[in-house]
Each structure stands twice: as C-alpha cells, then as structure tokens.
Amino acid sequence: MSKSRRFSWFVFSSPQSFYPLAGTLQPWFAALAFLLCAAGLYISFFVAPTDAQQGESYRIIFIHVPAAWMSMFLYLVMGFWSGVGLVLNTRLSSMLATALAPTGALFTFIALWTGALWGKPTWGTWWVWDARLTSELILLFLYIGFMALQAAIDDPRRADKAGAVLALVGVINIPIIYFSVQWWSTLHQGASVSMKSAPSMATTMLLGMLIMALGFWMYSIAAVLARVRCVILERERHTEWVMEEVGGQA
Amino acid sequence: MIRALGWVLRRDLLLAFRRRGDVVNALVFFVIVVSLFPLGVGPEASQLRNMAPGVLWVAALLACMLSLARLFAPDHQDGTLEQMLLAGEPLVVLVMGKVISHWLVSGLPLVLMAPLLGLQFDLPGDALAVLCVSLLIGTPILSLVGAVGAALTLGVRGSGVLVALLVLPLYVPVLIFGAGSVGATAAGTGAEAHLLLLGGFLALALVLAPWASAAALRIAME
Amino acid sequence: MNWHGWSEFLAMGGYALYVWGSYAVTLVVLIGEIVALAMRRRGVIERLAKFYAARRRNHETEA
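Remember, predicted model here, so these are calculated numbers, not experimental data.

Definitions and limits used
Residues numbered from 1 in each chain as written. Chains lettered and ligands numbered in written order. Predicted model: local features only at pLDDT ≥ 70, side-chain atom pairs only at ≥ 80, totals over all residues. Helix = DSSP H or I, 4+ residues; strand = E, 2+ residues; numbered from the N terminus. Buried ≥ 20, exposed ≤ 12 C-beta atoms within 10 Å, placed from the backbone. Core = buried A, V, L, I, M, F, W, Y, C linked by C-beta atoms within 7 Å. Contact = placed C-beta atoms within 7 Å. Nonpolar A, V, L, I, M, F, W, Y, C, P; charged D, E, K, R; others polar.

S.K.: Go over the overall build of chain B, please, and point to the residues and values.
M.R.: In terms of helices and strands, chain B carries nine helices and zero strands. Helices and strands appear in chain B in the N-to-C order α-α-α-α-α-α-α-α-α. Viewed in the frame of its principal axes, chain B has a C-alpha envelope of about 55 × 30 × 30 Å. Within the span of chain B, comprising 222 residues, buried residues form 50% of the whole.

Encoded structure:
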C-alpha cells in the first residue's frame, strides 16, 4: 500500500531541514541584493537630478529612508517570528528572531548616521530632534535591549521566550512611541524641521529609494539566513546531523 | 480573587514597612537627583522653570526604575514567588497586587514630594498642581511597565542595568506627555490633552502589563 | 548624466563630506556585517570540531 506523499512547507520548520535550505537560498538573495543595490546606486547618482534647494546633499536619502524602512520592517518581522516561537513553541522561529536583531540594529544605526549627516548641511546641526530620527534612536535602544536580554540569559529556551515577550511589548509600543515623539517634535519645533520635508518626490527619486529598499531587503534576508545557520549550528551542536555537518565523528 | 489581591497587597506593604530604608532611599534619590540639576546648569530662575518639568519627570523615572529591583527579586530569592506560581489564584491578580503595592511605596511618595521640589524650580502654582496630577497618573504606568521589565530579568546577572535598558525606552511616551503637561500649563496652553492621553496609556498598561508580567514570570521560573 | 567629470562627481556640489560620509559608512557597516558573519561561521565550526574531537577522546578513554 503506498500513500501519496504531499509536500508540506512545515517540513522546513525543523532546524535540520531549514539549515540546507537556508544555505541554498542565501547566495541567490545575496546576488539579488548586489544587483538591486547597484541599480539603486546608479539611479541615485546618475539619474536623479540635483535638487534646487538641497543641492547634492539630498542624495543621502537614497540610503537614509530605505535604511529606516528596513529597521522598522525587520523589527516587525523579528516580533512576528518571536511571537510564533512563543506561541507554537518552535525553536527555529526563535532562532530566526535572534538572527534578525543584529541586522535590524545595524540598519537603525545607518539610518541614524545618515540622518545626522543629512541634517548638518540642511539644518546646521549634527543632530536634529525630529520625529523620525528620535524614533529611530529609541528603536535602536529597543534592538539593543532585545540583544542584551538574550545575551544575559544563559538558558537558550528562556532567552528565546523572554526575548519574545520583550519584542512583542516593543511592537505594541512602537506606534505609541512614534506618535508621542511626533507630537513632541511638532510642538517644540514646528513642522519646519522635519525629515519628511524632503524635496518633493520626483518619480526618479522615489524609484531610486524603492530599489535601494528592495536591495536592502534582499541583503537582510541573505545576512539573516547566514546568521541563522550559525545560530542553528551552535544551538543544535548535540545532534548527529550537526556533528556530521561539521565533519566530526562519533 | 479580591482576597488574593488584598493578601498580596498587605504582605508587600508589610514587608516594605519593615524595610523602610529601601523605600526612603528611592525617595532620597529622587530629591538628590533633582537638586543636582540646578547645580549643574546654574540657578537662573527662568532656565530652571523651563527645565523643571523634564528634570522632575526624568528623576521620577529613574527613582521608579531603581526601586524595580525590590518588586520580584526578593520573593524569587526566598521561594515565595514559586509558591505564588503554584497557588490556585490567577498569577495576573497576584502581579497586580504587587504592582499596586510597589506604586504605593515607590510612586506615591514621589507624587507627594514633587510639589516641594517644584518650588525649588520656581514653578507657578497651577503648574505644580498639574505636575502632581501628571505624576499621579504616570507613576502607576511606570510601575506597571517596569514590572514587565523586572519579570523578564528575574535572576539574570547584571539585571539592574539591564532593566534600565529594557524599560527606559518604553517610558518615553509617559515622559513626553507627563513633562509636556506641566510645560503646557506653564506656557498657558491647556494640559487636558496630555493628561487625557496619559490616562489612556494608564488604561492600556492596566490591561496589558500584568498579563505580560505574568507571562514573563512563568518564563523566568520554568 | 549629472556630472561633467570625476572631480565634480567627487565634490558633490560641496557636500562631499556628508554624501560620501554616508555612503562610505553604510558600505563599511554592511561589508563589516558580512565579514563578521564569515568569521562567526568559521569560529563556530572550529569550536564545534574541537568539541567533537574532545568528546570522541573522552569516549575512547572510557571504552
């Protein structure tokens, strides 16, 4: 008697089967990232025209805005996988969340750094307390808190779950924080100083930002896949398959 | 359930009363930190008046955060927390009791102390009143959100600083609207919107925070 | 084409420090992450190889 075997995506929910999948997919995402970023950079430097008010300094938005988008997007994805790991008690989901955090934090840093370098020629100071930059700063703290909490807890499963609670609390708080900071910013500075008041978006500028954002997205996937493979090896080191993978023998 | 709440409340208040030093320390910290700012920036009255809402609120945040170490850790160390988890009562109720007692002991004194310190900063009378109200609504939020952080870092090494790192970003909206309410009163615009928003945050925290803290406690005690 | 020659491209209308500062740091951070990941992977595999070797030695001496 033969049963027809139906393929289910759930087969990849074990670290053992996800590991080779991640290894196969990762170079493709890396290649896509390279191509998209190259295209985005071309647009940002050679296609997008000079801005009348901000001159060439506005070209920083082709990195600043996509990095900010990625920083927030990655936090949501991290919260999602954390939550899945907490509710369904799956190890791999939590490992993915752990792998997402450093990449998200780095994009937050890039958003902050480029924001400062954009603020200086535009508004005269190295740090602009506008809503988006300040929210990004707090987002960086949230990422660092998540990583610090997981680093401080020795038991991996407890670290997973505690991180998940923290990440979910963070996800709920992010809209509240953003709203509060935006209110605070408009109160104290008026709408004049706002990173949103970028040059009116010509289509080329928007296109450049979107392509860079996609490039950063592909890069994030590639980086996270690489990192989660490391995490899997570390966490699953007591299993046969990792031992064979690394080349050891019983 | 109410009996359990009352029991936890009574026990925690009794324990805090026996260790009055801990309680008073947080209050003294509040006073000292607030007094440091004029020493740092100079005694000019108008500058102090501008700074006052922010300084008082940040000092309250820090004082509340310092006292979070008393919330779950002592019970964890002597085994009471484990008994609480095993008890038949819903953990959420017990957590709520602990948070209420924490606020009574660490938050309420700040509310009562704040007007005196506000006078040091030459705040006008109506601003002082709004300061008290904003702290009255805000400090419970600090206790509630802080409980989540304290539960997550239970028994973890370096938990003192770690709690600060986790909890301070979450305190930012409370700080913005708390200090903002006093600033708005001093500037002449109304503080109703701020206080209403703070009330909204309190309602949200009352619903979500005990549940999250209970979940975190279970995770910590597995 | 926006630029009439390399020098104009590099100068970025006077904003060279800011524009190139941004792009350069971004590149450094992203390349840095890739390098760190490669190093992490190598470190993990080395440590695990030692771990397995030590465990095998233990089993052999016990046998």
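We are not done yet, so read on.
S.K.: I'd love a proper account of unusual backbone geometry, names of residues and values included.
M.R.: Among all residues except glycine, the phi angle is most often negative; among peptide bonds, the trans geometry is most common. A positive phi angle is found at Asn89 of chain A, which is not glycine, with a value near 60°. Tracing the sequence through the fold places Asn89 of chain A in the loop between helix H2 (61–88) and helix H3 (91–123). Backbone geometry places Asp122 of chain B, a non-glycine residue, at a positive phi of 60°. Considering the arrangement of structural elements, one finds Asp122 of chain B in the loop between helix H6 (91–120) and helix H7 (125–152). Of the residues examined, Asp122 of chain B has 15 C-beta atoms within 10 Å and is grouped as partly exposed.

S.K.: A description of the nonpolar core should follow, citing residues and the corresponding values.
M.R.: Core analysis: the biggest nonpolar cluster contains 163 residues, and Val165 of chain A together with Leu56, Ala60, Val145, Ala151 and Ala216 of chain B have the highest contact counts within it. Top contributing element to this core by residue count: helix H6 (residues 203–235) of chain A, with 18 residues. Every residue in contact with Leu56 of chain B, bar those within four places of it in the chain, is listed here: Val34, Ala114, Leu117, Gly118 and Leu131 of chain B.

S.K.: So what about the interface of chain B and chain A? Which residues, and what values?
M.R.: Facing the 21 residues of chain B at the interface are 21 residues of chain A. Of all the secondary-structure elements, those providing two or more residues to the side of chain B that touches chain A are H7, helix H8 (159–187) and helix H9 (192–220) of chain B. The biggest single contributor to the side of chain B that touches chain A is H8 of chain B, with 10 residues. Among the residues forming the side of chain B that touches chain A, the class breakdown is 17 nonpolar, two polar and two charged.

S.K.: Break down the interface of chain C and chain A for me, citing the residues and quoting the values.
M.R.: In this assembly, 26 residues from chain C lie in contact with 33 residues from chain A. The class makeup of the residues in the side of chain C that touches chain A is 17 nonpolar, five polar and four charged.

S.K.: I'd love a proper account of the environment of Phe109 of chain A, names of residues and values included.
M.R.: Tracing the chain through its elements places Phe109 of chain A in helix H3. When the 18 C-beta atoms within 10 Å are taken as the criterion, Phe109 of chain A is described as partly exposed.

S.K.: Please give an account of the arrangement of the chains that cites residues and values.
M.R.: A comparison of contact numbers over the two pairs of chains in contact places chains A and C at the top. The least C-alpha distance between chain B and chain C, which are not in contact, is 24 Å.

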